[in-house]
Each structure stands twice: as structure tokens, then as C-alpha cells.
Amino acid sequence: QVQLVESGGGLVQAGASLRLSCAASGRTFSIYAMGWFRQAPGKERDVVSAISQSGRTTYYTDCVKGRFTVSRDNSKNTVYLQMNSLKPEDKAVYYCAAEPKLRAALGVRTDDYGYWGQGTQVTVSS
């Protein structure tokens, strides 16, 4: 199984930026589509963004469009989530996930992903 480790979370003020990283083990990182999810207290884990194996196709949930950018560097086995103009409602634990299945479209449900990182906390103060 692929091992995923998120990093880059922290405490920032509203309007600030953070870049999350997800480092994957192994030498077959490029075969996985990757997703970013977040979970706030009392809420379900919801998709934030996703990116195809090649990085050519991306998905963003509506509330982060124009603020967040997902990217990947397959040579470094790493996927990134650049988060700009952060808002207090972005506060959550952010999870990286890998999708081992072959699909025609990017997955947006937790059940679409088979491997998960441990999560990294993002806190945004007003």
C-alpha cells in the first residue's frame, strides 16, 4: 500500500496563505489520481480538490475556486495544495488521499479513494 504523509498546516490569520504537501512512498506515485479532503468538527469529510495522474485534469469544490490550486510533481512523489486568501471557514483537518481505481472522471467522494494520510490541521483566525 502507498503511504501518504501530509505537512504544511498551521495557524494563520484570515487572508494569509498556506501550502500543503502530501509525500507518497514508493515508485509508482504517478499511477494514482490524488484528492484533498477536509473535515471540520461535527461535519463530514468533504472533497476540496482532486488531480489526475498526469496533473492535466483538476477539480475544485465551489467555495475554494479561485483561491486554492492543486498540483503534483510526480518526480518527487508529491502533491500540493496551495491555499490563498484563507477564511475562518477553511479551518479543518486536511487529508490527502490516493485513488487506485481506473476511472473516467476524478473522484469526489471519500469512497472513491483507497489510501489516506494522517491529516494536517489548518486553523484560520479572524
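Residues numbered from 1 in each chain as written. Predicted model: local features only at pLDDT ≥ 70, side-chain atom pairs only at ≥ 80, totals over all residues. Heavy atoms only, no water.

## Here we look at the pattern of salt bridges
Point 1. The tally for this structure, following the rule as stated, stands at four salt bridges.
Point 2. Between aspartate 90 and arginine 38 there is a salt bridge whose closest N-O contact spans 2.9 Å. In this pair, aspartate 90 sits in the loop between strand S8 (78-83) and strand S9 (92-99) while arginine 38 sits in strand S4 (residues 33-39), placing the two residues 52 residues apart along the sequence.
Point 3. Residue classification places aspartate 90 among the buried residues on the basis of a relative accessible area of 1%.
Point 4. Beyond isolated ion pairs, a larger network of salt bridges with shared partners links Arg38, Arg67 and Asp90. (Salt bridge = Lys/Arg side-chain N within 4 Å of Asp/Glu carboxyl O. Helix = DSSP H or I, 4+ residues; strand = E, 2+ residues; numbered from the N terminus. Buried < 20%, exposed > 50% of the residue type's maximum accessible area, 1.4 Å probe, protein only.)

## A few points about the state of the cysteines
Here, the word disulfide means a covalent bond between the sulfur atoms of two cysteines.
Point 1. For the structure shown, the criterion picks out one disulfide.
Point 2. The partner cysteine of cysteine 22 in its disulfide is cysteine 96, sulfur to sulfur 2.1 Å. Between cysteine 22 and cysteine 96 the sulfur-sulfur dihedral comes to about -80 degrees; the bridge is accordingly left-handed. You can see cysteine 22 sitting in strand S3 (residues 18-24) and its partner cysteine 96 sitting in strand S9, a full 74 residues away along the chain. Note on accessibility: cysteine 22 and cysteine 96 belong to one class, buried.
Point 3. Here cysteine 63 is not disulfide-linked; the sulfur of cysteine 96 is the nearest cysteine sulfur, at 18 Å.
Point 4. For cysteine 63, a relative accessible area of 44% puts it in the partly exposed group. (Disulfide = S-S within 2.5 Å.)

## Here we look at unusual backbone geometry
Point 1. With a phi angle near 55 degrees, asparagine 77 is a residue other than glycine that sits in the positive phi range.
Point 2. Inspection of the secondary structure puts asparagine 77 in the loop between strand S7 (68-73) and S8.
Point 3. One non-glycine residue, serine 85, adopts positive backbone phi at about 50 degrees.

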